[in-house]
Amino acid sequence: MIKALYPGTFDPVTYGHLDVLSRASRLFDQVTVAVSESNSSKNTTFGSDTRVTLVRDNLNKFVNVSVEPFNGLLVEYAKKIGATVLIRGLRAVSDFEYEFQMAQMNRHLDNEIETIFLMPNEKYFYTSSQLIKQVHLYGDRETNLVPPNVLAALRELNKTNEDMGRDSE
Ligand code: PNS
C-alpha cells in the first residue's frame, strides 16, 4: 500500500490543486493533503483551520483522500504518518527551480521519501492562489478557478475588509 502526501499552503485551495489531487488519488492507495500551519516565508490570508476546512469540503468525491494540518519538517510528518511519496504540482517552467531545490532538500533529509511531480490540466497552468486573491481584492470577477466554498470565503473576506475600511474612515 503506497501512501502519498500532498503538501502545500493552500491559501486558498484552487481547482488547480484539486486537479493535481484527483490525479494523485488515482495513482496512490491513500493521499493525505497536508496543509502547512505556518510557513516562515509566507503570511497567509486564511488561518490554517479555514484552509483545512476549505480543502475538506471538496473531498466528497474522493474515497482515499483526507486532509490534515501539519507543522515542522515535511519529511518528518511524512514518516510519522507512513507516507513514502510527496506530491507536488508543476505548472509552468517558472515553478521548476523552487520545486527542484525543495525536492533535493527533502531527499537530502530523507532518501526514502520520493517526490513526484504531477501536471494539472493545462487550463490551470496559470492558476495561483496569489493571483486569484488579487482578482478578488481589486474586483469581484468570477474566475471559475476556485470551488464555490472558496469563492464564498474570498467574498466574505473582502466584505469584512471593506466594512473595516468604512469603519475606520
Ligand atoms: O504551497 P507551498 O507554499 O508552495 O508549499 C510549501 C510547503 C508547505 C510544502 C513547504 O514550505 C514545506 O514543506 N514546509 C515545511 C518545512 C520543510 O519541511 N521545509 C524543508 C523543505 S525545503
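The model shown is predicted, which means the values in this text are computed figures rather than measured ones. Numbers given to residues run from 1 along each chain, matching the order in which its sequence is written. Side-chain atom pairs in this predicted model are given and counted only at pLDDT of 80 or more, local residue features only at pLDDT of at least 70, and totals for whole chains, interfaces and linings cover all residues. The side-chain values count all of the structure's non-hydrogen atoms but skip hydrogen atoms and water molecules.

A.B. asks: When you look at the overall build of the protein in this model, what are you seeing that I'm missing?
C.D. replies: Each helix is a run of DSSP H or I of at least 4 residues and each strand a run of E of at least 2, with the numbering of both proceeding from the N terminus. Counting secondary structure elements, the protein contains 6 helices and 5 strands. Ordered by position from the N terminus, the helices and strands of the protein form the series β-α-β-α-β-α-β-α-β-α-α. The reference for a compact globule is 2.2 Å times residues^0.38; the radius of gyration itself is calculated from the C-alpha atoms. Its C-alpha atoms give the protein a radius of gyration of 17 Å, near enough to 15 Å, the size a compact globule of 169 residues would have. The principal-axis extent of the C-alpha atoms belonging to the protein is close to 55 × 30 × 30 Å. Burial statistics for the protein: of 169 residues in total, 44% are counted as buried. Sequence separation of at least 24 residues holds for 76% of the intrachain contacts in the protein that already meet a minimum separation of 6. As presented, the protein carries roughly 10000 Å² of accessible surface, and 51% of it is formed by carbon and sulfur atoms. Taken together, the 18 basic and 22 acidic charged side chains of the protein have centroids lying 4 Å from each other. With a 1.4 Å probe rolled over the protein chains alone, any residue whose accessible area is under 20% of its type maximum counts as buried; one over 50% counts as exposed, and the rest are partly exposed. Any two residues having at least one pair of non-hydrogen atoms within 4.5 Å are treated as being in contact. Here the accessible surface of atoms and residues is derived via Shrake-Rupley with a 1.4 Å probe, and residues count as covered only by protein chains that are part of the display. Working convention for charge: Lys and Arg count positive, Asp and Glu count negative, and His plus the chain ends are omitted. Charge positions come from single atoms, namely NZ of Lys, CZ of Arg, CG of Asp or CD of Glu.

A.B. asks: Quick question: what am I supposed to make of the environment of G16 here?
C.D. replies: With respect to the helices and strands, the residue G16 is situated in helix 1 (residues 15-27). Along the chain, G16 and V146 lie 130 residues apart, while their C-alpha atoms are 8.2 Å from each other. When residues no more than four places from it in sequence are discounted, the contact partners of G16 are P120 and Y124.

A.B. asks: What am I meant to see in the pattern of salt bridges here?
C.D. replies: Pairing is possible between side chains that carry opposite charge, provided their charged atoms lie close to one another. One side-chain nitrogen of Lys or Arg within 4 Å of one carboxyl oxygen of Asp or Glu is enough to make a salt bridge. Considering all chains together, one arrives at 8 salt bridges under this definition. Across the salt bridge formed by D11 and K133, the nearest N and O atoms sit 2.8 Å from each other. Residue D11 is found in the loop between strand 1 (3-8) and helix 1, and its partner K133 is found in helix 5 (residues 129-138); the two are separated by 122 residues along the sequence. The pair D11 / K133 is uniform in exposure class, with both members buried. Two residues, D19 and R23, come together in a salt bridge whose shortest N-O distance is 2.6 Å. With D19 and R23 both in helix 1 and 4 residues apart, the pair spans about one turn of that helix. What emerges from the salt-bridge pattern is a single network uniting K79, D110 and E112.

A.B. asks: Quick question: what am I supposed to make of the nonpolar core here?
C.D. replies: The nonpolar side chains of a soluble globular protein tend to be buried, and buried together. Grouped together as the largest cluster of nonpolar side chains are 29 residues, with contacts concentrated most on Y6, L21, V31, V33, V55 and I87. When contributions to this core are tallied by element, the ones reaching two or more residues are strand 1, helix 1, strand 2 (30-36), helix 2 (48-56), strand 3 (65-70), strand 4 (85-89) and helix 6 (148-167). Among buried residues, the Ala, Val, Leu, Ile, Met, Phe, Trp, Tyr and Cys ones that are joined through side-chain atoms within 4.5 Å form a nonpolar core. Ranked by size, the runner-up nonpolar core spans 10 residues in total, among them L5, A83, L86 and I113.

A.B. asks: So what exactly am I meant to see when it comes to the packing of aromatic side chains here?
C.D. replies: Each aromatic pair joins two rings of Phe, Tyr and Trp (for Trp, the six-membered one) with centres within 6.5 Å, and gets the label stacked for planes under 30 degrees apart, edge-to-face for over 60, and tilted for any other angle. All told, the structure shown has 4 aromatic pairs when counted by the stated rule. An angle of 40° between the planes, with centres 6.4 Å apart, marks the rings of Y15 and Y124 as tilted. With Y15 in helix 1 and Y124 in the loop between strand 5 (114-118) and helix 5, the pair connects residues that are 109 residues apart, well separated along the chain. Taking the centre distance of 5.3 Å and the plane angle of 25° together, the rings of F96 and F100 count as stacked. In this pair, F96 and F100 are both assigned in helix 4 (residues 96-109), 4 residues apart and thus about one turn of the helix distant. For F100, a relative accessible area of 41% gives the class partly exposed.

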